[in-house]
Amino acid sequence: MFDVVGKKKYFFAFSLLITVPGFIFILLTLLTGGKEGLQFTIDYTGGTVWELKFADANVTPDQVKATLAANGLADSTVVRTSDGYLLIRTSATPLEDVTPTPQPSTSPSPSAPSASAGASASTGASASPGASAAVSASPGASVSASPSASPSATPATAVIPIPSTGPLGQVATALQKEHGPISDQRELTTVGAVVSGDLINQAILLIIVGSLGILLWVTFRFRDVKFGVTAIVALVHDVIVVVGTFAVLGTLFHVQVDALFVTAMLTIIGFSVHDTIVVFDRVRENKARHAGEPIAAIVNHSILQTFGRSINTSLTVVITLVALLLFGGSAITYFVLALLIGIVSGTYSSIFNAAPLVVVWQEWEDRRRSRLLAAARPTRRASA
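Conventions used here
Just so you know, the residues in each chain are numbered from 1, in the order the chain's sequence is written. Note on the predicted model: pLDDT of at least 70 is required for a residue's local features to be given, and 80 or more for side-chain atom pairs to be given and counted; whole-chain, interface and lining totals, by contrast, use all residues. Hydrogens and water are ignored here; the side-chain numbers use all heavy atoms of the structure. Numbering of helices and strands runs from the N terminus, with a helix taken as a DSSP run of H or I at least four residues long and a strand as a DSSP run of E at least two residues long. Type-normalised accessible area, obtained with a 1.4 Å probe on protein chains alone, sets the label of each residue: buried when under 20%, exposed when over 50%, and partly exposed for intermediate values. The criterion used for residue contact is that any of the two residues' heavy atoms lie within 4.5 Å. Calculation of accessible area relied on Shrake-Rupley with a 1.4 Å probe; when residues are assessed, cover is drawn exclusively from the protein chains displayed. The predictor attaches a confidence to each residue, called pLDDT, with possible values from 0 through 100. Patches in this entry comprise residues that are over 30% relatively accessible and not in a salt bridge; like charges within 9 Å are linked, as are nonpolar side chains (Val, Leu, Ile, Met, Phe, Trp, Tyr) within 5 Å. Definition used for salt bridges: Asp or Glu carboxyl oxygen within 4 Å of a side-chain nitrogen of Lys or Arg. By definition, two strands form a pair when at least two bridges between them are found by DSSP. Working convention: axes come from line fits to C-alpha atoms, limited for helices to the stretch in contact. Angles between N-to-C directions cover 0 to 180 degrees. Paired rings are identified among Phe, Tyr and Trp, the last through its six-membered ring, by centres lying within 6.5 Å, and are further divided according to the angle between planes into stacked (under 30 degrees), edge-to-face (over 60) and tilted (the rest). Two limits define a charge over a ring: the Lys NZ or Arg CZ must be within 6 Å of the ring centre, and within 35 degrees of the ring normal. Nonpolar cores are built from buried Ala, Val, Leu, Ile, Met, Phe, Trp, Tyr and Cys residues. Side-chain atoms within 4.5 Å join them into one set.

## Side note on the overall build of the chain
Next up, step 1: Within the chain, the secondary structure is distributed over 9 helices and 11 strands.
Next up, step 2: Looking at the chain residue by residue over its 384 residues, the buried ones come to 37%.
Next up, step 3: Long-range contacts, defined as pairs at least 24 residues apart, comprise 73% of the intrachain contacts of the chain with a sequence gap of at least 6.
Next up, step 4: Summed over all atoms, the accessible surface of the chain reaches about 20,900 Å², with 64% contributed by carbon and sulfur.

Right, here's the structure in full:
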């Protein structure tokens, strides 16, 4: 019979080996102000993400970064994507007050209809050469397309016009003056600091509330705080493994953490505790059946009884996640990767960390109780 509990020190050492480097990279996030470690999307940091392509394919990220720095955006980063686009990320200011929105593209119209009652508001944006759009608003809150649009016009498609006004327009003008025209623009997103701060607070609150709920429920379910605390320790182990891995990936490959990552972390938390509860439930049953046996033997027997079930359950999930990772598309790649790492880590921590920690805690309590009893005996004899 394999002695899992007897080799617990080796399993604890392996856990330290995979968590300490990740924890160091997590700390680098705080020590370097986000330049190293975890790389957050603008959903959490606030700022502007601008993905564009110049007509001149020889324009380098360093040249674009120099132009941005000359226009007051020295803290921006510019990287070239695998398909030739330049991905620009900068802070919330001075671009946060300009957020171009997609405009519908229709066939050319010679003029825009006028608004009634002397009050009108119209906007027009050039989507491509020879194509324009006009929108008219009246006090009756009606929106109408130009009546001169051709009946044979193709369905409208949403485009993001290259900005021409405001701080963002000034930057776009400077870039085109230095490096030639922008031939394509794939993304332009701005998130203010207030919105990003709210998202961070919500993410932290979700994780804290979820963890506290798990601690209270496991403690209540097994009538022993040891089970609740060790379940949380295993959970923290899994969180550090996943977050630490993404901190390393962020430092080396600029992989960013987005809202889907928080969703993945909450899923991992639930799955990790699921496996832990399976083992703990068998420990509780065996304690009643084998009363008087050492706690180490009971826990080891419980782990071996549930080992096959835990591995089979996790393996089916892992196979599905690997398929998604390979064929699911780039939009969910890092979400699936976080789940995959978390599921494997959660299975490991439930079997080789959580249950052995219960043994360590119980044995410490037994030794402490024995010392107190041994110290009390001489006192009783002296009083007799």
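Following the structure, the description resumes.
## Some details on the confidence of the model for the chain
Next up, step 1: Scored by pLDDT, the chain has a mean of 80; 79% of the residues are at 70 or more.
Next up, step 2: Contacts of residues 96-157 to residues separated by more than four positions or lying in other chains number 85 contacts, the stretch itself having pLDDT below 50.

## Notes on a nonpolar patch on the surface
Next up, step 1: Taken together, the side chains of F23, L27, L30 and L31 present a nonpolar region at the surface, about 450 Å² in accessible area.
Next up, step 2: Here F23 falls in the partly exposed class, since its relative accessible area comes to 42%.

## Overview of the sheet that holds strand β2 (residues 47-54)
Next up, step 1: Pairing is antiparallel in the open sheet, where 4 strands are placed in the order β3-β4-β2-β10. Two strands bound the open sheet, and with one partner strand each, they are β3 (77-80) and β10 (182-191). Adjacent strand axes in the sheet meet at a mean angle of 15 degrees, parallel and antiparallel pairs treated alike.
Next up, step 2: Note: β3 against strand β4 (residues 86-90), 4 bridges, orientation antiparallel. Bridging from a neighbouring strand, T77 pairs with R89 of β4.

## Focus on the pattern of salt bridges
Next up, step 1: Tallied over the entire structure, the rule returns 7 salt bridges.
Next up, step 2: With a closest N to O distance of 2.5 Å, E51 and R186 form a salt bridge. Placement of E51 in strand β2 and of R186 in strand β10 is noted, with a sequence separation of 135 residues between them.
Next up, step 3: Judged by relative accessible area, which is 38%, R186 ranks as partly exposed.
Next up, step 4: Across the salt bridge formed by R369 and D366, the nearest N and O atoms sit 3.1 Å from each other. Residue R369 and its partner D366 are both found in helix α9 (residues 333-383); the two are separated by 3 residues, about one turn of the helix.
Next up, step 5: Overall, D366 belongs to the partly exposed group, its relative accessible area being 30%.

## Some remarks on the packing of aromatic side chains
Next up, step 1: Under the criterion given, the structure shown has 10 aromatic pairs.
Next up, step 2: Each ring, one from W217 and one from F220, has its centre 5.8 Å from the other, and the planes form 40 degrees; the classification is tilted. In this pair, W217 and F220 both sit in helix α5 (residues 193-222), 3 residues apart, roughly one turn of the helix.
Next up, step 3: In textbook terms, an aromatic cluster arises when at least three aromatic residues are bridged by ring pairs, as seen for F11, F14, F307, Y348 and F352.
Next up, step 4: Positioned above the aromatic ring of F222 is the side chain of R221, whose terminal nitrogen or guanidinium carbon lies 5.9 Å from the ring centre.

## Here's the deal with the side chain of S272
Next up, step 1: Tracing the backbone through its elements, the reader meets S272 in helix α7 (residues 259-289).
Next up, step 2: Look past the residues within four positions of S272 in its chain and what remains in contact with it is A234, L235, D238, G346, S349 and S350.

## A look at the pairing of β4
Next up, step 1: When you tally the buried positions in β4, you get 5 out of 5 residues, the bulk of the element.
Next up, step 2: Here β4 shows no split at all, with L86, I88 and T90 on one side and L87 and R89 on the other all buried.
Next up, step 3: In terms of strand pairing, β2 meets β4 through 5 bridges, oriented antiparallel. Within the sheet, the bridge partner assigned to T48 lies in β4 and is T90.
Next up, step 4: What sits between the antiparallel neighbours β3 and β4 is a turn of 5 residues, in which G84 has the positive phi angle 95 degrees.

## Quick notes on the nonpolar core
Next up, step 1: Of all hydrophobic cores here, the largest spans 26 residues; its most connected members are I214, V218, F227, F280, V299 and I303.
Next up, step 2: Those elements that provide at least two residues to this core are α5, α6 (225-253), α7, α8 (295-327) and α9.
Next up, step 3: Among the elements that take part in this core, α9 stands out by supplying 7 residues, more than any other.
Next up, step 4: With residues up to four places along the chain from it excluded, the contact list for V299 reads V5, V283, A355 and V359.
Next up, step 5: The next biggest cluster of nonpolar side chains, apart from the first, holds 24 residues, and it includes I26, F246, V336 and I341.

## Some details on the pairing of β2
Next up, step 1: Within β2, 7 of the 8 residues are buried, leaving the element largely enclosed by the surrounding structure.
Next up, step 2: With 8 bridges joining them, β2 and β10 adopt antiparallel strand pairing. Residue pairing across strands places F54 opposite I182, the latter belonging to β10.

## Comments concerning the environment of I303
Next up, step 1: Along the chain, I303 falls in helix α8.
Next up, step 2: Residue classification places I303 among the buried residues on the basis of a relative accessible area of 1%.
Next up, step 3: Through-space distance from the C-alpha of I303 to that of V4 is 7.8 Å; in sequence the pair is 299 residues apart.
Next up, step 4: Those residues in contact with I303 that lie beyond four places of it in its chain are V4, V5, V279, I351, A355 and P356.

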